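What follows is the residue order along each chain.
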Amino acid sequence: MAELSTVARPYAEALFAAACDDKAGLQAWADLVSELSQVASNPDVREAMADPRLGDTQRVELFSGLVKAELPQAARNFIALLVENDRLLLLPEIATQFVALRNRHDGTAQAEITSAFELSDAQVQELVAGLEKKFGLKLKPVVTVDQSLIGGVRVAVGDQVLDTSVQAQLARMRDTLAA
């Protein structure tokens, strides 16, 4: 079976292209895709969408009815396409790829910063400023705390990871000593 990301990619790219051409704008579509993803992630919704007693039209109507936002016709058509191809439950992965496409379009990226201790806003801004110089991108920080790092930070931007945590340094020393 193909990777979920591989199957979701063409849908995310098609949706992104449609969003770029829509006068509502990328932000409105990003918000809508996020909500669609949240609805599709709900275990009860996943179970209902897998019910063999429901036809495609019923699935589309049921899913559309669960979305709080007003659905433009393009979004309804997209949901119908996903239902028809039995890909509705891929919406969380499609949303992830949509955000990545939007970030690439905007010249930004998400920086997942994990720290051993709570960081102040000033510390986050200082860290982000240094990271933006390194990566050459405008970064959107998402900060979490993981005390198992012992000290320092771990930063993930796309597929690149900078790990200056004490935990990583101890692991490197252990590997060096074991070699």
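Our structure's up above, just so we're on the same page.
Figured I'd write up the structure that's included with this text. (Residues numbered from 1 in each chain as written. Predicted model: local features only at pLDDT ≥ 70, side-chain atom pairs only at ≥ 80, totals over all residues. Heavy atoms only, no water.)

## With respect to the overall build of the chain
Point 1. A tally of regular secondary structure across the chain gives eight helices and four strands.
Point 2. Secondary structure elements in the chain, listed N-terminal to C-terminal, are α-α-α-α-α-α-β-α-β-β-β-α.
Point 3. Rg of the C-alpha trace for the chain: 20 Å, well past the compact-globule value of 16 Å for 179 residues, more than 25% over.
Point 4. Taken across its 179 residues, the chain has 35% of its residues classed as buried.
Point 5. A sequence separation of at least 24 residues applies to 64% of the contacts in the chain between residues at least 6 apart. (Helix = DSSP H or I, 4+ residues; strand = E, 2+ residues; numbered from the N terminus. Rg over C-alpha atoms; globule rule 2.2 N^0.38 Å. Buried < 20%, exposed > 50% of the residue type's maximum accessible area, 1.4 Å probe, protein only. Contact = heavy atoms within 4.5 Å.)

## Comments concerning the nonpolar core
Point 1. If you look at the biggest cluster of nonpolar residues, it comprises 33 residues, and the most contacted ones within it are Leu36, Phe63, Ile79, Leu88, Leu91, Ile94 and Phe98.
Point 2. Those elements that place two or more of their residues in this core are helix H1 (4-21), helix H2 (26-41), helix H3 (43-49), helix H4 (56-66), helix H5 (73-84) and helix H6 (91-106).
Point 3. With 12 residues, the next largest nonpolar core counts Ala111, Val128, Phe135 and Val155 among its residues. (Core = buried A, V, L, I, M, F, W, Y, C linked by side-chain atoms within 4.5 Å.)

## A few points about the side chain of serine 37
Point 1. Residue placement: serine 37 occurs in helix H2.
Point 2. Sequence-distant contacts of serine 37, defined by excluding residues within four places in its chain, comprise Leu91, Pro92 and Ala95.

## Considerations on the packing of aromatic side chains
Point 1. Counted according to the given criterion, the structure contains one aromatic pair.
Point 2. Ring plane angle 70 degrees and centroid distance 5.7 Å describe the contact between phenylalanine 16 and phenylalanine 98, whose orientation is recorded as edge-to-face. On the criterion of sequence distance, the pair formed by phenylalanine 16 in helix H1 and phenylalanine 98 in helix H6 is long-range, its members being 82 residues apart.
Point 3. On the basis of relative accessibility, which here comes to 1%, the residue phenylalanine 98 falls in the buried class. (Phe/Tyr/Trp six-rings, centres within 6.5 Å; stacked < 30°, edge-to-face > 60°.)

## Comments concerning H5
Point 1. For H5, built from 12 residues, the straight-helix expectation of 16 Å at 1.5 Å per residue is met to within 8% by its first-to-last C-alpha distance of 16 Å.
Point 2. Restricting attention to buried positions, one finds in H5 the residues Ala75, Phe78, Ile79, Leu82 and Val83. In an axial view of H5, the angular spread of the buried residues amounts to 135 degrees, which keeps them on one side of the axis. Along H5, the residues that are exposed and aim more than 90 degrees away from the buried face are Gln73 and Glu84.
Point 3. On its buried face, H5 is in contact with H1, H2, H4 and H6.
Point 4. Within two residues after H5, aspartate 86 carries a phi angle of roughly 55 degrees, on the positive side. (Expected span 1.5 Å × (residues − 1). Arc of directions from axis to C-beta.)

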